[in-house]
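# Reading the structure
Next come the chains, spelled out residue by residue.
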Amino acid sequence: MPPPPSVHARPSTAPRVRKIITGPLPKLPAEQPAAVGAVAVAGADRRGWEIVIPEVVLNKIVRNAGRALQVERCSLALFDLTAGELVTVAALPTPAGGLRRSRFRPGEGIAGEVARTGQPLLIDDVERDRRFKRLGRDPIRSLICAPLIDGGHVLGTMTATSPQPAAFNPSQLELLTIFADQAALAIAQAHRAEEVDRLKSAFLSTVSHELRTPLSSIRGFIEIILSGRTGPLTPVQRDFLESVQASTKQLHRLVEDIMQLSLAEAGQLRLACLPADIGELTRNVARQLRPQAETAGVTLELALPGGLPLIECDAARIEQVLANLVGNAIKFTPPAGQITITAGEADGGVWVSVRDTGAGIPEAEQQKIFDRLYQVQHGLNRGYGGAGLGLTIAKYLVEGHGGRIDVTSRVGHGSTFTIWLPRRFCPVRSD
Ligand code: ADP
């Protein structure tokens, strides 16, 4: 039996991301600064941006600003639409370590004032400025603060502070403003990319839904004609119609995949969980795909131990995941290759591995293949159909069960895909 799967051993390579529902404060008036009251209600009628931005991006901007300004305290706050407050999302590390998550309302404190007016501020001595509000125990005497502005909207603020009075000059404020502009641009770009993604998903979901009904009727009619119930077919007609049937099946699979992915991305996938024997599910999948493996000239071997514990899962979905892994192994393994399916018990759950002796996947792409539409250019994809959605859906399904999926691979030697599922974890029940 192979050692327990890599899903247990390898730390996740995914970048840490900061997720915040943010949104712009109201558009800055051309001449007059916005009134505090207007700001307080501004978020309410605005749709939030759920910005998922790699933490390193924000931290890097803050670090670069700190280095350029030669300060030890520099932080970036974004407007949290849900709370109606500015919240610190990145900062230079304090001696105590960690991020002190200050929160302040627009108009409150110096940063709140900058967010409210959209104007940068340089304060020589905070003790002589009534707008200053001390949060925490940082020894602050002077500061500079610049707004993050995108399209006339304030998104947040960047602040650098010093324990000395009059530590900053106007050119340092100008420099901070440049970094704040850079941060605003990065955030706005992240938002726009997500917006495009969301629109694409919504579009695909609608289109695939609309395609489903006509496609079902096409499939139905093809089946009737092929059954001979509408009269005899010439061999050529049968041959052509079978090609149409194969293409229609492919199209149907793609439409189903798109719909399932849209549901998963919207968090609406329902799992109907019951105790299931993963060995049996694996054998079912192998039975279904054996003819495909034989056609491809690939050996499909099962090495499953007896007595695996039952796991609580949605059997149809787990079969779908396994079928995708085995189907891929067949697609990407040249004739005379070998596919081996093994399973075992670990960490209070069960793992199943699908190992092939096929093309392999370059290390740099091993995590990307779980991104939607991603396909490795190893020259084997074309002609096999597939749109790079299967593994994305598989990941959603496995993680939806509280499990993990991972791959180890060497180009030219083959790949091993492993899923691990807990014995009992099913947060979403079928309704
Ligand atoms: P599809 O197979 O429909 O393209 P998937 O999401 O299932 O979509 O897989 C994404 C890509 O990952 C594939 O196109 C292929 O490039 C790569 N891949 C998946 N499984 C394997 C495998 N066993 N061996 C080599 N490459 C693989």
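Residues numbered from 1 in each chain as written. Predicted model: local features only at pLDDT ≥ 70, side-chain atom pairs only at ≥ 80, totals over all residues. Heavy atoms only, no water.

The subject of this paragraph is the pattern of salt bridges. Scanning the model with the defined rule gives 12 salt bridges in all. With its nearest N and O atoms 3.8 Å apart, the salt bridge here joins D347 to R404. In this pair, D347 is assigned in the loop between β12 (338-346) and β13 (349-356) and R404 in strand β14 (residues 404-410), connecting sequence segments 57 residues apart. Among the residues examined, R404 registers a relative accessible area of 31% and is labelled partly exposed. Of the charged contacts in the structure, one is a salt bridge between K395 and E399, with a shortest N-O distance of 2.9 Å. Pair noted here: K395 and E399 are both in helix α9 (residues 390-400), with a separation of four residues, about one helical turn. Taking the relative accessible area as the measure of exposure, K395 reaches 27% and is therefore partly exposed. (Salt bridge = Lys/Arg side-chain N within 4 Å of Asp/Glu carboxyl O. Helix = DSSP H or I, 4+ residues; strand = E, 2+ residues; numbered from the N terminus. Buried < 20%, exposed > 50% of the residue type's maximum accessible area, 1.4 Å probe, protein only.)

To continue, consider the pairing of β13. Consecutive residues of a regular strand have side chains that alternate between opposite faces of the sheet. In terms of burial, β13 is a largely internal element, seven of the eight residues being buried. Pairing geometry for β12 and β13, over eight bridges, is antiparallel. Directly across from T340, in β13, lies its bridge partner R355. Adjacent in sequence and paired antiparallel, β12 and β13 are bridged by two residues, among which D347 carries a positive phi angle near 50 degrees. Bridge analysis of β13 against strand β15 (residues 414-422) gives seven bridges, and the strand direction is antiparallel. In the strand pairing of β15, R355 is matched with T416. (Pairing = 2+ DSSP bridges.)

Moving on: a nonpolar patch on the surface. Judged by side-chain polarity, F203, L204, V207 and L211 come together as a nonpolar surface patch covering roughly 330 Å² of accessible area. When you line up the elements, L204 lands in helix α5 (residues 170-226). Judged by relative accessible area, which is 32%, L204 ranks as partly exposed. (Patch = residues over 30% accessible without salt bridge, like charges linked within 9 Å, V, L, I, M, F, W, Y side chains within 5 Å. Areas by Shrake-Rupley, 256 points an atom, 1.4 Å probe, with all protein chains shown as cover.)

Okay, the sheet that holds β12 next. The five strands are arranged β10-β12-β13-β15-β14 in an open sheet whose pairing can be described as mixed. Edge positions in the open sheet fall to β10 (299-303) and β14, since each of these has one partner strand only. Looking at each pair of strands side by side, their axes are set apart by 15 degrees on average, direction ignored. Alignment of β14 against β15, held across seven bridges, turns out to be antiparallel. Bridging across to β15, V407 finds its partner in F417. (Axes fitted to C-alpha atoms, helices over the stretch in contact; angles between N-to-C directions.)

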